[in-house]
Amino acid sequence: MPYVLGIDVGTSRTAAAVCRQTGSTWADAEIVQLGTHAPEVPTVLYFAADGGILVGDTAQQHAITDPANAARGFARRVGDDVPVMVGRETCAAEELTAVLVAWVVNTVNAAEGAAPQHIVLTHPAGWGGYRRRMLLRALRQANLDNVTLLPEPVAVGESHAAGHDVVAGQALAVYDLGAGSLSSAVVRRSPAGTFELLTSAESVEPNGGDSFDDIVFEHIRAVVEVDMTDPHVWTTLTRLRQMCTQAKEFLSTGGETSVREIRVTRTEFEDLIRPAVEAGIEELLRTIRSAPVPAEDLASVVITGGSASIPLVSELLTAQLRNRTVLAPDFTCARGAAIAARSLVPARRTEVVPVPAPATEPPPPDRPDVDLTPLDLPATRSFMRMIGVNRGVAGAAAGVVLAAGVALTFYLRPDAPSQPAPVHAVVASTSSTSTQTQQTGEGGR
Ligand SMILES: Nc1ncnc2c1ncn2[C@@H]1O[C@H](COP(=O)(O)OP(=O)(O)OP(=O)(O)O)[C@@H](O)[C@H]1O
Ligand SMILES: [Mg+2]
C-alpha cells in the first residue's frame, strides 16, 4: 500500500509515522514501531569492533558498557565544524544523522513491504540554510533523495490542525520540551492550509529532560558513594544516571520512587525543577510577544515533547495561559511530518532539465613527481561504509527517487541545495521548506 513517512530525529529519541493511501484518500498518521519494546528508538549509534554500526536499542545496550564507541546527541549538531568523536574516529554529525535516518527508512520499508512515496524529516526551527544543506547532502549520499525538511514547530502545527479547527490566518504557539532543549515558536496557518514559521527561540540555558536528569542525578550523587577509582566507574555512573531518568519519568504518574534505596517524591522533584520550568515559560511568553500576530489570532498553545509529560509543566503553563493550552499526543512531530508529506505527493511531478554540453577543457599540464610522507591518522570509517549498515537502504531508496519531484510544492525553499550537474534528462530534486525563520544562537547557519 503506498505510504508517506514522517521522521523526527530528536536529541534522545527518534520516532516515525506513516500515512497510508487507501484509494484516493490518505489515512491518518500512524506511529511506526521502531524499537523492540517501544515505538521510538534512542538516538544512539554504536560502532562495533567488526566495523558494523548498531542503531537504536541495540546500540544503547552496547553503549552502557562501552560508551566511548557510541554516538549520541549528534542530531542537533548537524553542520557543526567540530566533528563527533566515536572511539578513535571522527564523524560529521550530519553523516551520523543520515545513517540513523537510513536505518529508519529501511526498517519501515521492511515492515510496509515497499519504499515510501516521500519522506519528511523534521529539524530544529532555528536551523538556517547551511545546516539544512549539509543534512540534505549527507542524506543524498545515503541514497535518500526524496526527503523534504520541515521545521519541528511546523510539523507540530500540521499534527494539531489534523484534530482541531485552525482557520487560515490563525496562529499557534508551540512549546516543545524535549530532552536537549526547550523550543518555543509561533506558526500561522496560510490560506493554502500549510503553516509558516513566524518566530522561534531555543533555550540557551540547559532546559529539557536531560537537564532534569542531571538535577535528579546530582540529588542522588550527594548521598550515594561511588568509588571513582573503580575501573568500571563509567559503567556504574551511566547506569545510575539511567535509573535517575527512569525515576524522573515514573514521577510523572507516581507519587514517589527510589534510586539505590534513596527515596525521591514527586514534590521534591518538582521543587528541584520548578525554577527551570518557570524560566522556560518566561521564554515562551517572550517568543509569543515577539511574533507579528495580535494576541486574539493566537488560537492555542500546543504543548509537546516528552518532558511535557511532567504534570508540573502543563500545570504552570495552563495557570499562565489559562484555557489556551492543548497537550499534544506523544510523537507529535513525527505525526505532523507524515501529514505534511501527504500534501507533497499529489503534486508529484518531474522536471525536464536540458543536459549541459560538455565543456571543452585543455589537457592538464605535466606535474613533477612529489614524495609524500603519509600522516599517521586514526582509521576512519568512511561514510559509505557507515551507510553499509543498511544494505537494503540503497535499493529501497533508489525505488523512490522519482518521487522526489513532489518536493517542488508547498515546502519548497529557494535555498534548496545545489544539485550535482544533471546527467539524465529527467532528474529528481530534493527540497527544504518554505518558512521564515528567526535565527537563534547559530549565526544563521
Ligand atoms: N513520562 C515522562 N515523564 C517525564 N519525562 C519524560 C517522560 N517520557 C519521556 N520523558 C523525557 O522526554 C525526553 C524525550 O523527549 P523528546 O522525545 O520530545 O525529546 P527529543 O526530541 O529527543 O529531544 P529534543 O527535542 O530536545 O531534540 C527525555 O528527556 C525523556 O526522559
Ligand atoms: Mg524533539
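For the structure, see preceding data.
What counts and how
Residues numbered from 1 in each chain as written. Chains lettered and ligands numbered in written order. Predicted model: local features only at pLDDT ≥ 70, side-chain atom pairs only at ≥ 80, totals over all residues. Heavy atoms only, no water. Helix = DSSP H or I, 4+ residues; strand = E, 2+ residues; numbered from the N terminus. Buried < 20%, exposed > 50% of the residue type's maximum accessible area, 1.4 Å probe, protein only. Axes fitted to C-alpha atoms, helices over the stretch in contact; angles between N-to-C directions. Parallel < 35°, antiparallel > 145°, perpendicular 65-115°, else oblique. Contact = heavy atoms within 4.5 Å. Nonpolar A, V, L, I, M, F, W, Y, C, P; charged D, E, K, R; others polar. Core = buried A, V, L, I, M, F, W, Y, C linked by side-chain atoms within 4.5 Å. Expected span 1.5 Å × (residues − 1). Near = heavy atom within 4 Å. Polar contact = N/O pair within 3.5 Å; in protein donor to acceptor, adjacent residues only side chain to side chain. Areas by Shrake-Rupley, 256 points an atom, 1.4 Å probe, with all protein chains shown as cover. Left-handed = near helix turned anticlockwise from the far one by under 90°. Bend = angle between axes of the 7 residues up to and from the residue. Pairing = 2+ DSSP bridges.

**Some details on the overall build of the protein**
When its secondary structure is counted, the protein shows 11 helices and 21 strands. Looking at the protein as a whole, 50% of its 445 residues qualify as buried.

**Examining the packing of helix 1 (residues 57-65) against helix 6 (residues 233-250)**
Angle between the axes and distance between the axes are the two parameters that describe a pair of packed helices. The geometry of helix 1 relative to helix 6 is characterised by a closest axis approach of 7 Å and an angle of 130° between their N-to-C directions. In terms of axis orientation, helix 1 runs oblique to helix 6. Contact with helix 1, carried on its side by Gln60, Ile64 and Thr65, involves Thr235, Thr238, Arg239 and Gln242 of helix 6 and no other residues of that element. Here the contact of helix 1 with helix 6 is composed, by residue class, of one nonpolar, five polar and one charged.

**Observations regarding the nonpolar core**
Membership of the largest hydrophobic core comes to 44 residues, with the highest contact counts inside it found for Leu5, Ile7, Leu45, Leu96, Leu121 and Leu139. Broken down by element, this core gets its largest block of residues, 11 residues, from helix 2 (residues 93-112). For Leu5, the residues in contact, after removing those within four places along its chain, are Ala16, Ala17, Val18, Val105, Val108, Pro116, His118, Ile119, Val120, Ala338 and Ala341. Counting residues in hydrophobic clusters, the runner-up holds 42 residues, among them Phe269, Ile273, Ile281 and Leu312.

**Comments concerning helix 9 (residues 332-344)**
Taking 1.5 Å of rise per residue, the 13 residues of helix 9 would be expected to cover 18 Å, and the 19 Å separating its terminal C-alpha atoms lies within 8% of that figure. Burial within helix 9 is extensive, with 11 of its 13 residues counted as buried. For helix 9, the set of buried residues is Thr332, Cys333, Ala334, Gly336, Ala337, Ala338, Ile339, Ala340, Ala341, Arg342 and Leu344.

**Some thoughts on the site of ligand 1**
Of all residues adjacent to ligand 1, which total 19 residues, the nearest are Thr11, Arg13, Lys248, Glu249 and Ser252. The contact in question runs from an oxygen atom of ligand 1 to an N or O atom on the side chain of Arg13, over 2.5 Å. Within the contact set of ligand 1, an oxygen atom lies 3.1 Å away from a backbone nitrogen or oxygen of Ala179. In isolation ligand 1 exposes 650 Å². Once the protein is present, 89% of that is buried. With three residues, the single largest contributor to the shell around ligand 1 is helix 6. Within the shell around ligand 1, the residues separate by chemical class into two nonpolar, 13 polar and four charged.

**Comments concerning the packing of helix 2 against helix 3 (residues 129-141)**
Between helix 2 and helix 3, the shortest axis-to-axis distance is 8 Å and the interhelical angle comes to 50°. Overall, the two elements helix 2 and helix 3 adopt an arrangement that is oblique. Relative to helix 3, the crossing made by helix 2 is right-handed. Seen from helix 2, the contacting residues are Glu94, Glu95, Thr97, Ala98 and Val101; seen from helix 3, they are Met134, Leu135, Ala138 and Leu139.

**Regarding helix 7 (residues 266-290)**
With 25 residues, helix 7 should reach 36 Å at 1.5 Å per residue; the first-to-last C-alpha distance of 34 Å fits that figure. Considering bend angle alone, the principal kink of helix 7 is centred on Ile273 and spans about 50°; proline Pro275 follows within four residues of it. Taken residue by residue, helix 7 has Phe269, Glu270, Ile273, Ala276, Val277, Gly280, Ile281, Glu283, Leu284, Leu285, Thr287 and Ile288 as its buried positions.

**Some remarks on the pairing of strand 16 (residues 256-259)**
Here strand 16 shows a buried face lined by Thr257 and Val259 and an unburied face lined by Glu256 and Ser258. With four bridges joining them, strand 16 and strand 17 (residues 262-265) adopt antiparallel strand pairing. When the bridges of strand 17 are listed, Val259 appears paired with Ile262. Between the antiparallel neighbours strand 16 and strand 17 lie two residues, among them Arg260 with a positive phi of about 50°.

**Examining the sheet that holds strand 8 (residues 70-72)**
Reading across the sheet, the three strands line up as 7-6-8 and stay open at both edges, with antiparallel pairing between neighbours. With partners counted over all chains shown, the strands left at the sheet margins are strand 7 (53-55) and strand 8, one partner each. Ignoring which end each strand starts from, the neighbouring axes of this sheet average 20° apart. Here strand 6 (residues 44-47) pairs with strand 8 via three bridges, running antiparallel. The residue of strand 8 that forms the bridge with Val44 is Arg72. Across the sheet, helix 1 is in contact with strand 6, strand 7 and strand 8; its angle to strand 6 comes to roughly 65°.

**Quick look at the sheet that holds strand 14 (residues 182-189)**
An order of 15-14-13-18-19 is seen for the five strands of this open sheet, with the pairing classed as mixed. Every other strand in the sheet has two partners, leaving strand 15 (195-202) and strand 19 (325-327) as the edge strands with one partner each. Recorded for the sheet is a direction-independent mean angle of 20° between the axes of neighbouring strands. Note: strand 14 against strand 15, seven bridges, orientation antiparallel. Bridged to Val186 within strand 15 is Thr199.

**Re the pairing of strand 14**
Strand 14 sits mainly inside the fold: six of its eight residues count as buried. In the sheet, strand 13 (residues 171-177) pairs with strand 14 via seven bridges, with the strands oriented antiparallel. When the bridges of strand 14 are listed, Ala171 appears paired with Arg188. Hairpin geometry of strand 13 and strand 14 is characterised by an intervening segment of four residues between the two adjacent antiparallel strands. With antiparallel pairing between neighbouring strands as the criterion, strand 14 and strand 15 make up a hairpin whose turn holds five residues, including Gly193 at a positive phi of roughly 95°.

**Side note on unusual backbone geometry**
In this model, Asn143 sits at a positive phi of 65°, which is unusual for a non-glycine residue. With respect to the helices and strands, the residue Asn143 is situated in the loop between helix 3 and strand 12 (147-151).

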